[in-house]
Amino acid sequence: MNIKIAIVDDNTFLIHAIKEKLSFFEELKFKFSATNGSELLQQLEDNFHIDLILMDIEMPVLNGIESTQIIKQKYPHIKIVMLTAFDNDEHIFNAIQAGADGYLLKETNPQELYKGILETLNGGAAMNPSIALKTLKLLRNPTHIQNQKDQEEISLSKREIEVLENLSKGHSYTVIAEYLLLSPSTVRKHIENIYKKLQVHSKIEAVQKAKNHNII
């Protein structure tokens, strides 16, 4: 059985390294390579009878996530395994959402890559153990990754969070000041800072955004 494979990576040295790994196994037939998603889509117009694509993520013009989404719509029969140096949560989450069939690290040895390709073609999902563990965590807490960027950008102090929590309970500035042993003007200053950091203009917006981002 011949398994027809394409490799997509903006690093030609890595393309050669992956081709070398594939060469250990007779049934794995390298068909073509591309250095970005746009080039891949052009190649697929004449070479859509391939079985599997080994796809990098971070590429110019059209990255691996965007390419995967398009290919899964146009050529649903083609399996896609993300082959990347990155194992961060955001990449994994986006790859799964885009329709990737597997996710392996570029450091994967030839035997593991071969096993991953066969597993994917047989309906499984090829993953390194570290990727599988991260995927399980993401499935248990899918909102974590969706809010991750916002949480990184919104950095409230402990006192600001305390003020915001009291605001969410409907307390007035005076009550918050008494409860936190602050002056009303200090509470007002904290709220001004909270509005700036959250990029909102009202108490309702501030409380809602904070709840959406798991700040309170």
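Located above this text is the structure these notes cover.
Computed from a predicted model, the values in this text were never measured in an experiment.

A look at the packing of aromatic side chains
Now for step 1: This structure, assessed with the given rule, holds three aromatic pairs.
Now for step 2: Relative to Tyr-114, the ring of Phe-25 has its centre 4.1 Å away and its plane inclined at 5°; by these criteria the two rings are stacked. Here the residue Phe-25 occupies a position in the loop between α1 (12–22) and β2 (28–34), and Tyr-114 occupies one in helix α5 (residues 110–121), the gap between them amounting to 89 residues.
Now for step 3: In this structure Phe-25 comes out as buried when scored by relative accessible area, which is 13%.
Now for step 4: Taking relative accessible area as the criterion, Tyr-114 reaches 15% and is therefore assigned buried.
Now for step 5: Between Phe-48 and Tyr-75, the ring centres sit 6.3 Å apart and the planes meet at 10°, which makes this aromatic pair stacked. Taken as a pair, Phe-48 in the loop between α2 (37–44) and β3 (52–55) and Tyr-75 in the loop between α3 (64–74) and β4 (79–84) lie far apart in primary sequence, 27 residues in all.
Now for step 6: Look at Tyr-75 and you get buried, because its relative accessible area is 10%.

Quick notes on the rules
- Residues numbered from 1 in each chain as written.
- Predicted model: local features only at pLDDT ≥ 70, side-chain atom pairs only at ≥ 80, totals over all residues.
- Heavy atoms only, no water.
- Phe/Tyr/Trp six-rings, centres within 6.5 Å; stacked < 30°, edge-to-face > 60°.
- Helix = DSSP H or I, 4+ residues; strand = E, 2+ residues; numbered from the N terminus.
- Buried < 20%, exposed > 50% of the residue type's maximum accessible area, 1.4 Å probe, protein only.

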